[in-house]
Amino acid sequence: MDISVVIPLYNEAESLPELFDWIERVMNAHHFSHEIIFINDGSTDDSWAVIERLKRQAPDVVRAVKFRRNYGKSPGLNCGFQRAKGDVVITMDADLQDSPDEIPELYRMITEEGYDLVSGWKKKRYDPLSKTIPTKLFNATARRFSGIHNLHDFNCGLKAYKNIVIKNIEIYNDMHRYIPYLAKIAGFTKIGEKVVHHQARKYGKSKFGLDRFVNGYLDLITLWFTSKFGKKPMHFFGLWGSVMFFIGFIALCVVLGMKLYSIIEGDLRPLVTSSPYFYVSLTAMIMGTQMFLAGFIGELISRDSPNRNKYKIETEL
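Calculation notes
- Residues numbered from 1 in each chain as written.
- Predicted model: local features only at pLDDT ≥ 70, side-chain atom pairs only at ≥ 80, totals over all residues.
- Heavy atoms only, no water.
- Helix = DSSP H or I, 4+ residues; strand = E, 2+ residues; numbered from the N terminus.
- Buried < 20%, exposed > 50% of the residue type's maximum accessible area, 1.4 Å probe, protein only.
- Contact = heavy atoms within 4.5 Å.
- Areas by Shrake-Rupley, 256 points an atom, 1.4 Å probe, with all protein chains shown as cover.
- Expected span 1.5 Å × (residues − 1).
- Pairing = 2+ DSSP bridges.
- Axes fitted to C-alpha atoms, helices over the stretch in contact; angles between N-to-C directions.
- Salt bridge = Lys/Arg side-chain N within 4 Å of Asp/Glu carboxyl O.
- Core = buried A, V, L, I, M, F, W, Y, C linked by side-chain atoms within 4.5 Å.
- Patch = residues over 30% accessible without salt bridge, like charges linked within 9 Å, V, L, I, M, F, W, Y side chains within 5 Å.
- Phe/Tyr/Trp six-rings, centres within 6.5 Å; stacked < 30°, edge-to-face > 60°.

Novice: What is the right way to read the overall build of the protein from this model?
Specialist: Within the protein one finds 10 helices and 7 strands. Every one of the 317 residues in the protein was classed for burial, and the buried ones make up 44%. A separation of at least 24 residues holds for 80% of the contacts in the protein among residues at least 6 apart in sequence. With the model as given, the accessible surface of the protein reaches about 17400 Å², and the carbon-plus-sulfur share is 59%.

Take a look at the structure:
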């Protein structure tokens, strides 16, 4: 099969028939063998009834999964990826803001140019400034942390992947924003970008609020930290714990030196607790010890992890 189109959705009953017809026109015009996988993320409208009707209309094309409740976009994509059979997997949103006309070029970039992943870039957006400005800041931060400097729009829902890529990454929480970063961590480094057409929303309203930017930064820090230190936590906690303990030790030496000097001078009045260095040393040494112990405990947990020796093997002779 040439292409699998994975579409997570939540309350998009109005747009689904038009989106399905549009995808079918594109696929038939280019003679692609394909499947369309709808992931109904606990919709409360008639989305599932529409999907059932589309399934009866095209039983060999439409596949669908219905969640009992709303879990979010990442679980929906992960569920769709597990079921995708196409050589190239396309993801897009169900709100008609992503154009299926982009699919042939995305497919070509994967199959002919050899990209592992191609991410869409909505260079011209039809969104308010309250959304576009935080998006620019978010993408700049994501480029900095991930090291993928050629991507301008990490969160674009329109992406194309080799099938092997989606079978080697796991998307959880809200990590759909960082699929290119997840792919890079898994060893798929040929990541490209294509400027895609962004259309104004035709039906309904956006399902995402401003809290996604806050959560996005927290997820980015988590992903960066676990990818860098997940298998070796002592390299982070042990290092900085040792630094903190050393700072505390130096501060303690200063306090003792000052006290010894005052004794030699015959002045017994200055108390150790009257020096700010005493509190610096106490705090730093406690924090350093705690961080070192956290790294040690992390190493024990990592040692017992069933994935401690799980590596991404590309080929074997």
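Next comes the rest of the write-up.
Novice: Hey, could you run me through the environment of K232 in this one?
Specialist: For K232, the location among the structural elements is in the loop between α8 (211-229) and α9 (234-264). Along the sequence, K232 and E299 sit 67 residues apart, while their C-alpha atoms lie 6.6 Å from each other.

Novice: I tried to follow helix α1 (residues 16-29) on my own but got confused; where do I start?
Specialist: Owing to its 3.6 residues per turn, the α-helix aligns residues three or four sequence positions apart on the same side. The end-to-end C-alpha distance of α1, which contains 14 residues, comes to 20 Å, matching closely the 20 Å that a straight helix rising 1.5 Å per residue would cover. All buried positions along α1 are accounted for by L16, L19, F20, W22, I23, E24, V26 and M27. Considering only its buried residues, α1 is in contact with β1 (3-9), β2 (34-40), α2 (47-57), β3 (62-66) and α4 (103-111). Just downstream of α1 lies H31, where phi reads positive at about 60°.

Novice: For this particular structure, what's the right way to read the sheet that holds strand β5 (residues 117-121)?
Specialist: Where strands meet in a sheet, backbone hydrogen bonds hold them as pairs that are either parallel or antiparallel. Strands sit in the order β3-β2-β1-β4-β6-β5-β7 across an open sheet of 7 strands; the sheet is mixed. Looking at strand neighbours, the two that pair on one side only are β3 and β7 (191-195), the edges of this open sheet. Within this sheet the neighbouring strands show an average axis-to-axis angle of 20°, counted without direction. In terms of strand pairing, β2 meets β3 through 5 bridges, oriented parallel. The residue of β3 that forms the bridge with I37 is R63. Against the sheet, α2 engages β1, β2 and β3, with an angle of about 155° to β3. Contacts between helix α3 (residues 73-83) and the sheet are confined to β1, β2, β3, β4 (88-91) and β6 (159-162), with β2 contributing the most and set at about 145° to the helix.

Novice: How should the pattern of salt bridges be read in this particular structure?
Specialist: Opposite charge on two side chains makes pairing possible when the charged atoms of those side chains draw close. With the rule as written, the count across this model stands at 9 salt bridges. For the salt bridge of E112 with R108, the shortest nitrogen-to-oxygen distance reads 3.8 Å. Accessibility expressed as a relative area gives 26% for R108, which makes it partly exposed.

Novice: I tried to follow the environment of E170 on my own but got confused; where do I start?
Specialist: By the element assignment, E170 lies in the loop between α6 (163-166) and α7 (179-185). Ignoring any residue separated from it by four or fewer positions in sequence, one finds E170 in contact with N78 and L182.

Novice: Which parts of the structure should I look at to understand the nonpolar core?
Specialist: Ranked by size, the top nonpolar core spans 36 residues in total, and within it V5, I7, F38, I90 and M92 carry the most contacts. Taken together, the elements giving at least two residues each to this core come down to β1, α1, β2, α2, β4 and α4. Ranked by the residues each element gives to this core, the list is headed by α1, at 7 residues. Excluding its chain neighbours within four sequence positions, the residues that come into contact with I7 are L19, I23, I36, I37, F38, I39, M92, D93 and A94. Core analysis: the second largest hydrophobic core is formed by 32 residues, I39, L151, I179 and Y181 among them.

Novice: How should I be thinking about unusual backbone geometry in this particular structure?
Specialist: Glycine aside, negative phi is the norm for most residues, and most peptide bonds take the trans geometry. Residues other than glycine seldom take positive phi values, yet H31 does so here, at roughly 60°. Relative to the helices and strands, H31 is located in the loop between α1 and β2. The phi torsion at L96 lies on the positive side, around 70°, for a residue other than glycine. Along the chain, L96 turns up in the loop between β4 and α4.

Novice: Can you walk me through a nonpolar patch on the surface in this structure?
Specialist: A cluster of nonpolar side chains, F245, F246, F249, I250, V254, M258 and Y277, forms an exposed patch at the surface whose accessible area comes to about 650 Å². Of all the elements, α9 adds the most residues to the nonpolar patch, at 6 residues. Within the fold, I250 resides in helix α9. The exposure class assigned to I250 is partly exposed, which follows from its relative accessible area of 40%.

Novice: Help me out: how do you make sense of the packing of aromatic side chains in this one?
Specialist: Each pair of aromatic rings is reported with the distance of its centres and the angle of its planes. In the structure shown here, the tally under the stated rule is 6 aromatic pairs. Taken together, a centroid distance of 4.8 Å and an interplanar angle of 55° make the contact between F32 and Y107 tilted. Taken as a pair, F32 in the loop between α1 and β2 and Y107 in helix α4 lie far apart in primary sequence, 75 residues in all. Among the residues examined, Y107 registers a relative accessible area of 16% and is labelled buried. Here the aromatic rings of F138 and Y178 are separated by 5.7 Å at their centres, their planes lie at 45°, and the arrangement is tilted. With a gap of 40 residues between them, F138 in helix α5 (residues 129-146) and Y178 in the loop between α6 and α7 connect regions that are remote in the sequence. When its relative accessible area of 1% is taken as the criterion, Y178 is described as buried.

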